[in-house]
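A look at the structure
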Amino acid sequence: MNRWLGVIALVMLFAASPALADEPIRFASVDVYIDAAEPMAAWQLEFFAVSGRMQVVGVENGDSTAFDGAPYYDRDAVENGRADRIVVADYSLDDESALPRGRVRVTTLHLVLSGDEAPKFNTRLIVASTYQGKRINAGISFEIAEGSKQ
Amino acid sequence: MHEEDNLEGLPDELVAELEKADKPGALITARVDRSIANLAREQFAARPERRRRVARAWYAVAATVVLAVLVLPFSNRLGTDDDALYADVDNSGQIDIADVLTLARRSNGKVSQAELDAFAMRVVALANSGDAS
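Keep in mind that what you see is a predicted model, and the values were worked out from it rather than measured.

Focus on the overall build of chain B
The secondary structure content of chain B amounts to six helices and zero strands. Seen in sequence order, chain B has helices and strands lined up from the N terminus as α-α-α-α-α-α. A fraction of 23% describes how many contacts in chain B between residues 6 or more apart in sequence connect residues 24 or more apart.

Okay, structure coming up:
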């Protein structure tokens, strides 16, 4: 369901943005993973481009049932085409046994890429914590699935 | 000088009228005197009470103004930006989603879901996170 919402958002953005329509654009989705050694009850990350131009046009939740709702992000910036970077976060009040540990996909970002330069991305884990609020040393990584060119 | 002498030369009608008016005044008895005194006392006793009532009304107005001056600055701060809620709850040195989690766990339902969502939305707002990167 969330994937379809992301696709619809992409189509709407493409239709509504003459600036983007003037130059070749392509779509991409990025899966972001956090690898936590302890059960994780809250996480917050930042994703941004270090080169090239991109806009975040959709944000999905990840695989864990503890974080089954849409994560928190700046919806206003995404809906108004101002999200050239994004901060995504979520927390869960589930029991510790229901919280994810190890490598887990926490979110998928849908991007519109524009310009000739191939974008390079980076992500930063702002915080991951246990259900007691203790900070966890966790790893963060992402995988890109480039979409079709327009 | 006799009184009769003063009336000499005056017209008879006038003399008759003056003699009619020169009757002794009505006798004020002690009872009437007491009644008048009591009425006067009541009249003067009522005046300070009225003044007191007016003074009380002014005190109320003044107190309202003083309260408004003292309370309004605090109420404005609470209404626009509840810093007590959107704070570094876990004392980590930064405000992030872990503070929202800690607040949600500690509040035992006293903080509404809408307030927690607002806190989380503030945490991820791009305008607020620019200096954090």
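Focus: unusual backbone geometry
Residue and element names in this part refer to chain B. One non-glycine residue with positive phi stands out, namely asparagine 91, at about 55°. With respect to the helices and strands, asparagine 91 occurs in the loop between helix 3 (30–80) and helix 4 (97–107). For asparagine 108, which is not glycine, the phi dihedral falls at a positive 50°. Within the secondary structure, asparagine 108 is located in the loop between helix 4 and helix 5 (113–124). For asparagine 108, a count of 7 C-beta atoms within 10 Å corresponds to the exposed category.

Re the interface of chain B and chain A
Contact residues are listed per partner, giving 18 residues for chain B and 23 residues for chain A. For the side of chain B that touches chain A, the elements supplying multiple residues, two or more each, are helix 4, helix 5 and helix 6 (126–129) of chain B. At seven residues, the largest contribution of residues to the side of chain B that touches chain A is made by helix 4 of chain B. Looking at the side of chain B that touches chain A, its residues break down into eleven nonpolar, four polar and three charged.

Describing the environment of leucine 103 of chain B
Residue and element names in this part refer to chain B. Here leucine 103 is to be found in helix 4. As a C-alpha pair, leucine 103 and leucine 116 span 13 residues in sequence and 8.0 Å in three-dimensional space. When residues no more than four places from it in sequence are discounted, the contact partners of leucine 103 are Val89, Val111, Leu116 and Phe119.

Quick notes on the nonpolar core
Formed by 54 residues in total, the largest nonpolar core has its most connected members in Trp43 and Ala128 of chain A together with Ile97 of chain B. Here this core takes seven residues from strand 1 (residues 25–36) of chain A, the largest share from any one element. Beyond its immediate stretch of four places on either side in the chain, tryptophan 43 of chain A contacts Ile34, Ala89, Asp90, Val106, Val127 and Ala128 of chain A together with Ile97 of chain B.

The rules behind the values
Residues numbered from 1 in each chain as written. Chains lettered and ligands numbered in written order. Predicted model: local features only at pLDDT ≥ 70, side-chain atom pairs only at ≥ 80, totals over all residues. Helix = DSSP H or I, 4+ residues; strand = E, 2+ residues; numbered from the N terminus. Contact = placed C-beta atoms within 7 Å. Buried ≥ 20, exposed ≤ 12 C-beta atoms within 10 Å, placed from the backbone. Nonpolar A, V, L, I, M, F, W, Y, C, P; charged D, E, K, R; others polar. Core = buried A, V, L, I, M, F, W, Y, C linked by C-beta atoms within 7 Å.

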